[in-house]
Amino acid sequence: MSGINVLIYTGNGTSPNSVVHTQKTLKSLLGHAYDVVPVDAKTLRVEPWEETCALLVIPGGRDLPYCKDLNGVATARIKQYVRGGGRYLGLCAGGYFGSSTIEFEQGRADMQVCGKRELEFFPGVCRGTVYPGFVYESEQGARNASVRLSTEHLQSYYPSNTLVPKSIDMYYNGGGYFAHADQYPNVQVLGRFVDAGICKDEDYPAAVVQCAVGDGVAVLTSTHPEYDMTLLNQPDVDSAMVAELLRSEPDRKTFLRAMFAKMGLAVVGFDHNHVNENKVPDLTPIYLTALKGQIAQSIANALQEEAKDSVITDANDTIVLTTSDDDATLKKLENLGLGEDKSKPVEIRLPDYSADPAYPDSSITPYFNIKAYYDALLARRDQEWGGGKWYRFGNALMYAECIQSTQTILDKNYNFAQKLPTGLVCTATTQMAARARGRNSWVSQMGAIQFSYVLRHSLQLSHAPVVFLQYIIALAVVESVRQRKGYEDVPLRVKWPNDVYVEDGDQLKKVGGLLVNSSFAQDEFLVVIGCGINVSNPQPTASINDVIQAHNPSLPRISGEDMLAGILVTFEKMYSQFCDEGMGPWFLDLYYKRWLHSDKIVTLTTHDNVRVQITGITSDYGMLEAVAVDGTKKRYTLQPDGNSFDMLKGLIMKKI
């Protein structure tokens, strides 16, 4: 099962320490290919999370609260997800929870928890604690547990010239062993306790098991291989134990990488036999550029008017305006953003205004060719009526190699955004905290083009409701490719309300996510439109260029710079017509041709599970329109920002 999300359960009962370590470790080994996202019990019960989930993780904590909040609907969905080809990772308490039966501290009246469990991935008993001394919500009972690894199951996932270590030390705090795991044909033992602890009938009881579940897989651990010892700094943890575990850190990471690879996940590679972890990059300056130097100068002047001594203090960020690496204003950065409650200031680097275009030396922006972007923008405009001489979207561009979020810098800093012209674009090679609509996610990484831009939409355009902007940008992304000569049949499609998919044989794969935020002041909407489009990276699902090559290998690949320019020109053309004519057949005919839902029969979980046939979108307020198929022909309309489409199950459900 493909997916772009690794979901970490953070609901009641989860250990804050386990959650923190799980997030850090998964990002370091899987973050290049997947978005690591926290979820709660309500999400697992009611949202269509399965469609985009590559791995569901239940971390350490307390099993009983998991049962209370997840038993019933959520566990049934988890079981169905895994049986259908999904992946489950249960760490310590998540291992207990994933077993058929648990026996925890049996015989201790104050601690005993015994009984059946609903997931039943491991068909036997998970019995613990293996070693005495466990204390709830504490690390006092933690210890170093030596785990013997199963070479026969793991060797092919290690470097070719490196043997699987005989055993490694892992952090242990209350987990149970998987009793008589070898007797179950669907279970492989990946690791065994060297010290059997409370187990009296097995010399080396199972500590880590991989269970085949239908077409999917579940890995359950008694230990905490997710714990990064370099981050463990708590007063109730034995320092000698930490020192021992620190020596096993390289082996721990290599084991986890092998375990994830064995589960079928896209993992990081090796560098001289060491795991090449994903590192958190440093934030870089945001370079202001423009098609004309005078445009850049006008923007810079407006920003300086808002600034005090070249510093703009806004709602979300402190923004510092600079002109060079040795700018005197940079010294202010040393006194800003200090303390746990403050984030690092954002640096906007202003350009030399004497050149057209105005942009920094290409050596400073090796991952985005700004000149090639402006050349592509002009070339695409030349194909429009009158050469598109009046087009303005994309005339100014802010670029950062690494940014927190292109959407946040524009949407959450109102005073800053008010000084920016309509059509200014902010793009980045890497985003640390990419935002998506609702709980939807989009992995922001190399090979994708991720950008946000500013648009002011007048309240006087009452015939052109702002809600349609998400439909316009979605179609603009698709048409920016399909309107090119030779690319007309590339199978890019729109998923309601604002995702971009490709048809890959019998599969549908997401290649883009869209987000529209707006605020209102002075008789106009200040709109920030955000896009993340996978242009060239084969992870996590598919890229547009891969689809193009599969469709017709003779077609040239599209660069990120050309893709961005094409989207902006296509959007501006559609938006101009929208402002003139409002919504109508000129747009909807093509939209319906490109979307995935015409005449589809779906279930509305928001309306007593009534079965309906989708008929289209209302031309007044942009709501999804459907008609009951039970003979009543009752008409239903649904708000795009309040509902989510689960195409795999044919469901429309309420967004939360």
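For clarity, every value in this text was computed on a predicted model and none was experimentally measured.

Caption draft 1: Representation of the pattern of salt bridges in the model. Taken as a whole, this structure holds 24 salt bridges when the rule is applied. As a salt-bridge pair, Asp182 and Arg192 come within 2.8 Å of each other at their nearest N and O atoms. Of this pair, Asp182 sits in the loop between β10 (177-178) and β11 (187-193) while Arg192 sits in strand β11, and the two are ten residues apart along the sequence. Judged by its relative accessible area of 53%, Asp182 is exposed. A salt bridge links Asp411 to Lys412; the shortest N-O distance between them is 4.0 Å. We classify Lys412 as partly exposed; its relative accessible area is 41%. Through salt bridges with shared partners, a single network forms among Glu105, Arg108 and Asp110.

Caption draft 2: Broad picture of the packing of aromatic side chains. Tallied over the entire structure, the rule returns 34 aromatic pairs. Ring geometry for Phe393 against Tyr453: centres 5.9 Å apart, planes inclined by 85°, an arrangement best described as edge-to-face. With Phe393 in the loop between α10 (370-382) and β20 (396-403) and Tyr453 in strand β22 (residues 448-458), this residue pair connects regions lying 60 residues apart in the sequence. No difference in accessibility class separates Phe393 from Tyr453, as the two residues are buried. Between Tyr471 and Tyr591 the ring centres are 5.6 Å apart and the planes differ by 55°, which places this aromatic pair in the tilted class. Here the residue Tyr471 occupies a position in helix α13 (residues 469-482), and Tyr591 occupies one in helix α16 (residues 585-594), the gap between them amounting to 120 residues. Classification of Tyr471 by relative accessible area gives buried; the value is 1%. Feature note: the residues Phe468, Tyr471, Phe578, Trp586, Phe587, Tyr591, Tyr592 and Trp595 constitute an aromatic cluster, connected by ring pairs. A cation over a ring is seen here: Arg62 above Tyr136, with NZ or CZ 4.2 Å from the ring centre.

Caption draft 3: The pairing of strand β19 (residues 346-349), seen in detail. Along β19, one buried face is formed by Val346 and Ile348 and the opposite face, lined by Glu347 and Arg349, is buried too. In the sheet, strand β16 (residues 286-290) pairs with β19 via two bridges, with the strands oriented parallel. Across the sheet, the residue bridging to Tyr287 is Arg349, located in β19. Note that strand β18 (residues 318-322) and β19 share four bridges and pair parallel. Looking at the pairing, Leu321 lines up with Ile348 of β19.

Caption draft 4: View of α10. Relative to the 18 Å expected for 13 residues at 1.5 Å per residue, α10 spans 19 Å between its end C-alpha atoms, a close match to the ideal helical length. Each element contacted by the buried residues of α10 is listed here: β16, β20, α13 and α15 (560-581). Taking the backbone nitrogen of Lys371 as reference, a side-chain oxygen 3.2 Å away marks Asn369 as the first, capping residue of α10.

Caption draft 5: Region of the structure containing the side chain of Ser100. Locating Ser100 in the fold gives a position in strand β5 (residues 99-104). Every residue in contact with Ser100, bar those within four places of it in the chain, is listed here: Gly115, Lys116, Arg117, Glu120, Phe122, Pro123 and Gly124.

Caption draft 6: Local environment of unusual backbone geometry. A cis amide bond, omega 0°, links Gly128 with the succeeding residue Thr129. Assignment of secondary structure puts Thr129 in the loop between β7 (122-128) and β8 (143-149). Of note, the bond from Trp496 into Pro497 is cis; its omega dihedral lies within 30 degrees of zero at 0°. Along the chain, Pro497 turns up in the loop between β23 (492-495) and β24 (499-504). Within the chain, Asn609 stands out as a residue other than glycine whose phi angle is a positive 60°. Secondary-structure assignment places Asn609 in the loop between β27 (601-604) and β28 (610-617).

Quick notes on the rules
- Residues numbered from 1 in each chain as written.
- Predicted model: local features only at pLDDT ≥ 70, side-chain atom pairs only at ≥ 80, totals over all residues.
- Heavy atoms only, no water.
- Salt bridge = Lys/Arg side-chain N within 4 Å of Asp/Glu carboxyl O.
- Helix = DSSP H or I, 4+ residues; strand = E, 2+ residues; numbered from the N terminus.
- Buried < 20%, exposed > 50% of the residue type's maximum accessible area, 1.4 Å probe, protein only.
- Phe/Tyr/Trp six-rings, centres within 6.5 Å; stacked < 30°, edge-to-face > 60°.
- Lys NZ or Arg CZ within 6 Å of the ring centre and 35° of its normal.
- Pairing = 2+ DSSP bridges.
- Expected span 1.5 Å × (residues − 1).
- Contact = heavy atoms within 4.5 Å.
- Polar contact = N/O pair within 3.5 Å; in protein donor to acceptor, adjacent residues only side chain to side chain.

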